[in-house]
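Examining the three-dimensional arrangement
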Amino acid sequence: MLFVSFLMFMSMYMLLPTLPLYAQTIGGNETVAGTIVGIFTLSAVVVRPWFGNLLDRKGRKVILVIGVIIFLVSVLAYNLAFTIVTLLSLRVVHGIGWGASTTATGTMASDVIPAARRAEGMGYYGIAATIAMSLGPALGLYLVEYKSYTFLFTSAAIIAAFGLSGSLFINYETPRKSQNAAQTPKVKGVILEKTALPPAIVLFFITLTYGGIVSFLPSYADYRDVKNIGVFFTVYAFVLLIGRPIIGKLADRYGPRRFLAPGILLIATALLLLTKATSLSMFLLVGIIYGLGFGTVQPILNALVISFAPPERRGAANATFAVAMDLGIGLGAVTLGFLAQQLGYIYMYGSSVIFALLALVMYYALLHRKLPH
């Protein structure tokens, strides 16, 4: 599962900072660049609840394989995207494959992690995405600079093809099928899992801020005349890599209450610092603080989603959580892209502090009372 998850995230992260640049070579502006990120995540949002329900009804593996195939075909097809309209259309299809495959891998991970070690286990599961995040953007930008966009798209497709072959070897779920069949009529047709909504809403406000970082940090660094900004993602990912499992373990032992509010405050602090960042070292400090915050909040919220949901609704619960993440990143990229175009990057990152503070408000309003002392 980790292997497949890593390859899918690697392919996706190679394209995340490079497709907005590609869009600009075929005639796009900042708003189009934000839309490239936004439309991908929003298309995943639309299909995730549907795939989440299919996961609960039809089993995990078949949805995973279908998702990876759609993902692979669309990445290869970027080689034929010579207009903005074609590029955006392919981005929608790519998002559908992404929505199916990642909802499946997240649900599979939650199936096999023991309940008592859930936050720790989801921390380990997140490592695949984290390593991909540390390597993918830098590799994508390198290939664009020293090879070509065709080379980039083909490489990303080959990596996804390895993911497809890996997904064929995941065979754990035979015993679950019969047990699920009896419960199918009951769970049919519910799109989002309501028990997952409180943690998902908190995550949504957190990931609004992440949309601004992942879409515009390279351009902001350029504006600040800071070179080698690819290192930011590597440092950020390294902090997540070390922090996630350790904080997950502590949250399993001492309870999530002690960690969620401080994690959200770290994110707000990082965004404030980002408005003042004028050197690479300052950007990297932001990466460390933001990484600590995000690495605390996201796996704990993910573990809560699984804990709150009945077992036969786990696919839908994971889909609900992933919808919040994608919706946050997608709307964050589009909204903050518009703000950046109108008011500039400094004002945009300053505004995103408000999203982090709203996440804190939502945590106290919706979630705090539900958690054990």
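Everything below is about the structure printed above this text.
Definitions and cut-offs
- Residues numbered from 1 in each chain as written.
- Predicted model: local features only at pLDDT ≥ 70, side-chain atom pairs only at ≥ 80, totals over all residues.
- Heavy atoms only, no water.
- Helix = DSSP H or I, 4+ residues; strand = E, 2+ residues; numbered from the N terminus.
- Contact = heavy atoms within 4.5 Å.
- Core = buried A, V, L, I, M, F, W, Y, C linked by side-chain atoms within 4.5 Å.
- Buried < 20%, exposed > 50% of the residue type's maximum accessible area, 1.4 Å probe, protein only.
- Axes fitted to C-alpha atoms, helices over the stretch in contact; angles between N-to-C directions.
- Parallel < 35°, antiparallel > 145°, perpendicular 65-115°, else oblique.
- Left-handed = near helix turned anticlockwise from the far one by under 90°.
- Phe/Tyr/Trp six-rings, centres within 6.5 Å; stacked < 30°, edge-to-face > 60°.
- Lys NZ or Arg CZ within 6 Å of the ring centre and 35° of its normal.
- Salt bridge = Lys/Arg side-chain N within 4 Å of Asp/Glu carboxyl O.
- Nonpolar A, V, L, I, M, F, W, Y, C, P; charged D, E, K, R; others polar.
- Polar contact = N/O pair within 3.5 Å; in protein donor to acceptor, adjacent residues only side chain to side chain.
- Expected span 1.5 Å × (residues − 1).
- Patch = residues over 30% accessible without salt bridge, like charges linked within 9 Å, V, L, I, M, F, W, Y side chains within 5 Å.
- Areas by Shrake-Rupley, 256 points an atom, 1.4 Å probe, with all protein chains shown as cover.

A short note on the environment of L42
Within the secondary structure, L42 sits in helix α3 (residues 30-58). Dropping the residues within four chain positions of it, L42 is found in contact with L327 and L331.

Some points on the nonpolar core
Membership of the largest hydrophobic core comes to 121 residues, with the highest contact counts inside it found for F232, L260, L274, F283, Y290 and L301. The element contributing the most residues to this core is helix α10 (residues 197-223), with 14 residues. Ignoring anything within four residues of it in the chain, the contact list for L260 reads V297, I300, L301, L304, Y363, L367 and L371.

Looking at the packing of helix α4 (residues 60-77) against helix α5 (residues 84-112)
Look at α4 against α5: their axes get within 7 Å of each other, and the N-to-C directions meet at 150°. The pairing of α4 with α5 is recorded here as roughly antiparallel in orientation. Crossing handedness for the pair α4 and α5: left-handed.

Let's talk about the packing of aromatic side chains
In the structure shown here, the tally under the stated rule is 25 aromatic pairs. Ring plane angle 55° and centroid distance 5.8 Å describe the contact between Y236 and Y290, whose orientation is recorded as tilted. Of this pair, Y236 sits in helix α11 (residues 230-254) while Y290 is found in helix α13 (residues 280-308), placing the two residues 54 residues apart along the sequence. For Y290, a relative accessible area of 1% corresponds to the buried category. The ring of F40 carries the charged tip of R91 above its face, separated from the ring centre by 4.1 Å.

Some details on the environment of L16
With respect to the helices and strands, the residue L16 is situated in the loop between α1 (2-15) and α2 (18-25). Beyond its immediate stretch of four places on either side in the chain, L16 contacts V37, R91 and V214.

Examining the pattern of salt bridges
Considering all chains together, one arrives at eight salt bridges under this definition. For D326, the salt bridge goes to R48, with nearest N and O atoms at 2.5 Å. Here D326 is found in helix α14 (residues 314-343), whereas its partner R48 is found in helix α3, with 278 residues between them in sequence. Across the pair, exposure class does not vary: D326 and R48 are buried alike. Salt bridges here are not isolated pairs; linked through shared partners, they connect D56, R60, D111 and R314.

Quick notes on the packing of α10 against helix α15 (residues 345-367)
In contact at an axis separation of 8 Å, α10 and α15 are set at 165° when each is read in the N-to-C sense. What the angle tells us is that α10 and α15 run roughly antiparallel. The handedness of the crossing between α10 and α15 comes out as left-handed. In terms of residue class, the contact of α10 with α15 is made up of 24 nonpolar, four polar and no charged.

With respect to the side chain of S167
Following the sequence through the fold, S167 ends up in helix α7 (residues 149-167). At 2.7 Å, the side chain of S167 and the backbone oxygen of L164 are in polar contact.

Things to note about helix α12 (residues 257-274)
The end-to-end C-alpha distance of α12, which contains 18 residues, comes to 27 Å, matching closely the 26 Å that a straight helix rising 1.5 Å per residue would cover. Those residues of α12 that sit buried are F259, L260, A261, G263, I264, I267, A268, A270, L271 and L274. Buried residues in α12 make contact with α10, α11, α13 and α15.

Here's the deal with the side chain of N79
Tracing the chain through its elements places N79 in the loop between α4 and α5. Those residues in contact with N79 that sit more than four places away from it in its chain are Y149, T150, F153 and T154.

Quick word on a nonpolar patch on the surface
Judged by side-chain polarity, I191, L192, L197, I201 and L366 come together as a nonpolar surface patch covering roughly 350 Å² of accessible area. For L366, a relative accessible area of 31% gives the class partly exposed.

What to know about α7
Think of an α-helix as turning once every 3.6 residues; residues three or four places apart then point the same way. Under the 1.5 Å per step criterion, the end-to-end length of α7 is 27 Å for 19 residues, consistent within 8% with the ideal 27 Å. Contact partners of the buried residues in α7: α1, α2, α4 and α6 (118-146).

Remarks on unusual backbone geometry
Its identity as a non-glycine residue notwithstanding, D225 has a phi of 60°, on the positive side. Along the chain, D225 falls in the loop between α10 and α11. Residue class for D225 comes out exposed when judged on its relative accessible area of 57%. Although it is not a glycine, N228 adopts a positive phi angle of roughly 55°. Within the secondary structure, N228 sits in the loop between α10 and α11.

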